[in-house]
Amino acid sequence: MNVITSVVGSFPVIDSYPKGTINKFKDFLGIYKNYEYSIKKAVKCQTTCNLDLITDGQVRGSMIDIFCKPINGIDIIDNNAFIKGRIMPAHNYKNISDDFKTCFKSASSIDNKFKLNADKDELFDHTAKGIKGLVTGPTTLINSSVIDGFYESKEDAIYDMAVAIHEYVVYLEELGASMIQIDDPFIALGVTDISISKDSIDIITEDITIPIGIHICGDLKENMGDVLDFNLDFFDFEFAGVSGNIDTLQMNKNKIGDSMISIGCIDTKLKEIDNKETVFNTVKKVTDIINNKNIIIDPDCGMRLLDYNLVYNKLQLLNSTAKKFEV
């Protein structure tokens, strides 16, 4: 069995104030990159823990704010998204570009195994490490926004949002991402017809050549079977904090096919280091269900609300657990 380690998304944000004459002058000019320190810290944490597929830590803002703010037709007011007009692709991708490039530059300076466009075989053979691009899914973005004009139905808004998110994914692939993860937790809530969510994901994945998957946290007893029908390369579910998802996966194992299951085995709600036997058993129970020789293990969800020392210890446990499943 080939195992790679990754993370779901967010890391703690560390306040960074400009120090030194040059940085203070950059701040005066409005070009000081105040998120750069947090990205570098997130990258150092992941690389120190020997993760194979890392992210930029998603430190620039919430998963809603990062992707809604640059999109045409949406205004961000007091951290809330208001849809005022037709949703159109972002007017620029500078923030995504800056964060991705900072992530890769930092990672490759620490570990020369990191490369742009590292393919799946290289990752699972451990001959290369890569960067995972993150986007928030349209079901979550629309249901987290206030429709304040133009749209009469959420369905139309979701489809237009999917077109906008597709452009993000295209850009991340061009930058050198090895995989793409769509975060769409609202799918688990059942607030949108699952067929609409599936169609929106199909829009996002069109003509994308690198592996692309979805992360959905929460209890999926009601709709895991429907989600596994999505045309995706991997599915990332929460198994540590929602152990019932293991039984649900067992009931839907005939739908897994050749798709990879990314196993959330570290409880990100737990404010202490996980029990190593529990983590091992979570991974073992899932691997006993699936047939794919390639598996990804990661935390259940983002870790922004955790102390950095705890994040580090949880990822070290993730790394040591992965080694037990390598053959």
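These figures come from a predicted structure and were not determined experimentally.

**Let's talk about the sheet that holds strand β3 (residues 72–77)**
At step 1: On the basis of which strands lie adjacent, the open sheet formed by three strands has the order β3-β4-β6 and mixed pairing. Since the sheet does not close on itself, it has two edges, and those belong to β3 and β6 (145–147), each with one partner. Across the sheet, the axes of successive neighbouring strands diverge by a mean angle of 30°, strand direction being ignored.
At step 2: Bridge count for β3 against strand β4 (residues 80–88) is five bridges, and the pairing is antiparallel. Paired with Ile 74 across the strands is Ile 83, a residue of β4.
At step 3: Helix-sheet contacts for helix α7 (residues 154–175) involve β3, β4 and β6, and the interaxial angle to β4 is about 80°.

**Some words on the packing of aromatic side chains**
At step 1: Counted by the stated rule, this structure contains eight aromatic pairs.
At step 2: Between Phe 67 and Tyr 168, the ring centres sit 5.3 Å apart and the planes meet at 80°, which makes this aromatic pair edge-to-face. With a gap of 101 residues between them, Phe 67 in helix α3 (residues 65–68) and Tyr 168 in helix α7 connect regions that are remote in the sequence. Side by side, Phe 67 and Tyr 168 carry an identical accessibility label, which is buried.
At step 3: With centroids separated by 6.2 Å and ring planes inclined at 80°, the aromatic side chains of Phe 237 and Phe 239 adopt a geometry described as edge-to-face.
At step 4: A relative accessible area of 0% places Phe 237 in the buried class.

**Digging into the layout of surface pockets**
At step 1: Size it by volume and the largest pocket reaches roughly 410 Å³.
At step 2: Taken together, 21 residues make up the lining of the largest pocket; nearest its centre are Ser 10, Cys 301, Gly 302, Met 303 and Arg 304.
At step 3: The residue makeup of the lining of the largest pocket, split by class, is eight nonpolar, nine polar and four charged.

**Here we look at a negative patch on the surface**
At step 1: Residues Glu 152, Glu 155, Asp 156, Asp 193 and Asp 199 make up a contiguous surface patch of negative charge.
At step 2: Of note, Asp 199 is situated in helix α8 (residues 194–205).

**Structural notes on unusual backbone geometry**
At step 1: Positive phi is not limited to glycine here, since Asn 117 has a value of about 60°.
At step 2: The topology assignment puts Asn 117 in the loop between α4 (94–110) and α5 (120–124).
At step 3: Residue classification places Asn 117 among the partly exposed positions, given a relative accessible area of 45%.
At step 4: We note that Asp 207 has phi near 65°; this positive angle belongs to a residue other than glycine.
At step 5: Note on placement: Asp 207 falls in the loop between α8 and β8 (212–216).
At step 6: On the basis of relative accessible area, Asp 207 is assigned to the exposed category, the value being 68%.

**Overview of the pairing of strand β7 (residues 179–183)**
At step 1: Of all five residues making up β7, five are buried, and the element is well covered by its neighbours.
At step 2: Of the two faces of β7, the one holding Met 179, Gln 181 and Asp 183 and the one holding Ile 180 and Ile 182 are both buried throughout.
At step 3: Here strand β5 (residues 130–136) pairs with β7 via five bridges, running parallel. Within β7, the position partnered with Lys 132 by the bridge is Met 179.

**Description of empty space enclosed by the protein**
At step 1: Under the counting rule described, the total for this entry stands at two cavities of 30 Å³ or more.
At step 2: What lines the largest cavity is a set of 22 residues, and nearest its centre among them are Asp 56, Ile 66, Phe 67, Ile 96 and Asp 99.
At step 3: Only α3, α4, β5 and α7 provide two or more residues apiece to the lining of the largest cavity.
At step 4: Sorting elements by how many residues they give to the lining of the largest cavity places α4 first, with six residues.
At step 5: In terms of residue class, the lining of the largest cavity is made up of twelve nonpolar, five polar and five charged.
At step 6: What the second largest cavity holds in volume is close to 30 Å³.
At step 7: If you trace the second largest cavity, you find it lined by Ser 6, Leu 53, Lys 132, Met 179, Gln 181, Phe 234, Asp 236, Ser 262, Ile 296 and Asp 298.
At step 8: Elements that contribute at least two residues to the lining of the second largest cavity include exactly β7, β9 (234–238) and β11 (294–299).
At step 9: Classifying every residue of the lining of the second largest cavity by side-chain character gives four nonpolar, three polar and three charged.

Calculation criteria
- Residues numbered from 1 in each chain as written.
- Predicted model: local features only at pLDDT ≥ 70, side-chain atom pairs only at ≥ 80, totals over all residues.
- Heavy atoms only, no water.
- Pairing = 2+ DSSP bridges.
- Helix = DSSP H or I, 4+ residues; strand = E, 2+ residues; numbered from the N terminus.
- Axes fitted to C-alpha atoms, helices over the stretch in contact; angles between N-to-C directions.
- Contact = heavy atoms within 4.5 Å.
- Phe/Tyr/Trp six-rings, centres within 6.5 Å; stacked < 30°, edge-to-face > 60°.
- Buried < 20%, exposed > 50% of the residue type's maximum accessible area, 1.4 Å probe, protein only.
- 1 Å grid on protein atoms, 1.4 Å probe; cavity = no way out; pocket = protein on both sides within 12 Å on 5 of 7 lines; lining within 4 Å.
- Points joined across faces, edges and corners; volume = space filled by probe spheres on them.
- Nonpolar A, V, L, I, M, F, W, Y, C, P; charged D, E, K, R; others polar.
- Patch = residues over 30% accessible without salt bridge, like charges linked within 9 Å, V, L, I, M, F, W, Y side chains within 5 Å.
- Areas by Shrake-Rupley, 256 points an atom, 1.4 Å probe, with all protein chains shown as cover.
- Salt bridge = Lys/Arg side-chain N within 4 Å of Asp/Glu carboxyl O.
- Lys, Arg positive; Asp, Glu negative; His and termini not counted.
- Charge placed at Lys NZ, Arg CZ, Asp CG, Glu CD.

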